[in-house]
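This is what each chain is made of:
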Amino acid sequence: MKRLRRIRWNSGNELLGFAIALPMILVVFCAIIMAAQLGLARQTTEYALYSAARAAVVQENLNDARNAAQTMAGATLDSGTIGVSGYNIELETVAGSFDVSSGLVRWEKGALVKVVLTVDVDTIAPFQSSVLSSELIMMVERPATP
Amino acid sequence: MKLIKNRFRRIRWDNGNGSMLLCCSILVMGLIMMFLVMEYNNVYTASAIAQTRADTIADSTAVYAMGYDYTFNNRAAYEQAILLTAYNGREDYPISSTLRVLPDSSGANTKLEVTVLARGNFFFPGLTGAEEFDVQRESCVEIVNTSGGAIYIP
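Note on numbering: residues in each chain are counted from 1, in written sequence order. Labels follow written order: the first chain is A, the first ligand is 1, and so on. Local features in this predicted model are restricted to residues whose pLDDT is 70 or higher, and side-chain atom pairs enter the listing and the counts only when it is 80 or higher, whereas totals over whole chains, interfaces and linings include all residues. Think of the side-chain values as coming from all heavy atoms in the structure, minus any hydrogens and water.

Caption draft 1: Just the nonpolar core, in detail. We call a set of buried residues a nonpolar core when its members are Ala, Val, Leu, Ile, Met, Phe, Trp, Tyr or Cys and they connect through side-chain atoms within 4.5 Å of each other. Categorising residues by exposure relies on relative accessible area from a 1.4 Å probe, with only protein chains included: less than 20% of the type maximum marks a residue as buried, more than 50% marks it as exposed, and the intermediate range marks it as partly exposed. The biggest cluster of nonpolar side chains holds 28 residues, and the ones touching the most others in it are Ile57, Leu99, Leu112, Val114, Val116 and Phe133 of chain B. Strands are runs of DSSP state E lasting at least 2 residues, helices are runs of H or I lasting at least 4, and numbering of each runs from the N terminus. Looking at this core, the elements that each hand over two or more residues are strand E5 (129-139) of chain A together with helix H2 (18-65), helix H3 (74-87), strand E1 (95-103), strand E2 (110-121) and strand E3 (132-143) of chain B. Broken down by element, this core gets its largest block of residues, eight residues, from H2 of chain B. Apart from residues lying up to four places away in sequence, Leu99 of chain B is in contact with Thr61, Ala77, Tyr78, Ala81, Leu112, Glu113 and Val114 of chain B. Pairs of residues are marked as contacts when any of their non-hydrogen atoms sit within 4.5 Å.

This is the structure we're talking about:
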């Protein structure tokens, strides 16, 4: 307290001034890096989602499509993004001709498949972890079977 | 510039508040940089969305409209493009699409050109001077008739 009282606030103290400003500068720079990181992650999520959906719709059946989408999303995200700690991809058919015997939408041309990609991003800020999610609806590109 | 230089020289670094002034300047520059990075990413995300949706619509439409007899159904193409545009719309970046069917002069190969327009909102409209922005991306698909016109089912 004595030391604090002795400071000549009107004339300034370089070290103190710098000490006050430095954390704020660090916070702003962290925010810049975080914004850039999240922006890149969002763009990569969109491209990974498209690649995964593209790989899925040409497969023979829904299970193969899930595996292909998983592999493709993993390959795209691993090579393209900084800070991605995990991801989850889900596929489901949302429209198409209904197969009575299996109770599912037929995996054939004309059926629409919804692909949802959720990505966990560890940003530079230690207190914040972000989850990015995007979905895409694409048509199955397999010939219809009688 | 000369005035700034003179003022900079007059700062008493050992006793004055020069470093505070400098730090505040860095802080302001950092904040401006952050705003720019955020807006840049906002526009590029809209661009990524527009491009991936254009590719999606073009691919799916081309496959859907191509019959098993290698004939191209224009009406089916437009229907599918409208359907996929509606399904792939987002709240934060709404999209609209335009489909152009460009028939080849020989009649064998048809090209589909899909243009997607994504609309986004600026995070800081006061700084940019506009509320919204539009990003337009295109995707073109050529349907190749592998039969060379040999198969024709009326």
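Next comes the rest of the description.
Caption draft 2: Looking closely at the interface of chain B and chain A. Taken together, the contact pairs 43 residues of chain B with 38 residues of chain A. Defined in terms of a 1.4 Å probe, buried area is the accessible area two parts forfeit on being brought together, summed over both. Buried surface at the junction of chain B and chain A, summed over both partners, amounts to about 3300 Å²; 63% is from carbon and sulfur atoms. The largest contributions to the chain B side of the interface with chain A come from Leu27, Tyr68 and Tyr87 of chain B, which together make up 15% of the buried area. Here, a salt bridge means any Lys or Arg side-chain nitrogen found within 4 Å of an Asp or Glu carboxyl oxygen. For the pair chain B and chain A, the interface holds three salt bridges. Of the charged contacts, one joins Arg53 of chain B and Glu46 of chain A as a salt bridge, the two residues approaching to 2.7 Å between their closest N and O atoms. By the criterion applied in these results, polar contacts are pairs of N or O atoms within 3.5 Å in which, for protein atoms, one can donate a hydrogen and the other can accept it, and in which residues neighboring in sequence qualify only through two side-chain atoms. For the pair chain B and chain A, the interface holds nine residue pairs in polar contact (both at pLDDT 80 or more).

Caption draft 3: Examining the pattern of salt bridges more closely. Throughout the structure, instances matching the rule amount to eight salt bridges over all chains. Across the salt bridge formed by Asp59 of chain B and Arg54 of chain A, the nearest N and O atoms sit 2.7 Å from each other. Taken together, the residues span two chains, with Asp59 of chain B in helix H2 and Arg54 of chain A in helix H2 (residues 14-57). Its relative accessible area of 25% is what places Arg54 of chain A among the partly exposed residues. One salt bridge in this structure joins Arg100 of chain B and Glu113 of chain B, with 3.0 Å as the shortest N-O distance. Taken together, the residues Arg100 of chain B in strand E1 and Glu113 of chain B in strand E2 connect sequence positions 13 residues apart. Assessed through its relative accessible area of 44%, Arg100 of chain B is described here as partly exposed. What emerges from the salt-bridge pattern is a single network uniting Arg54 and Glu141 of chain A together with Asp59 of chain B.

That's the geometry; what it means functionally is another story.
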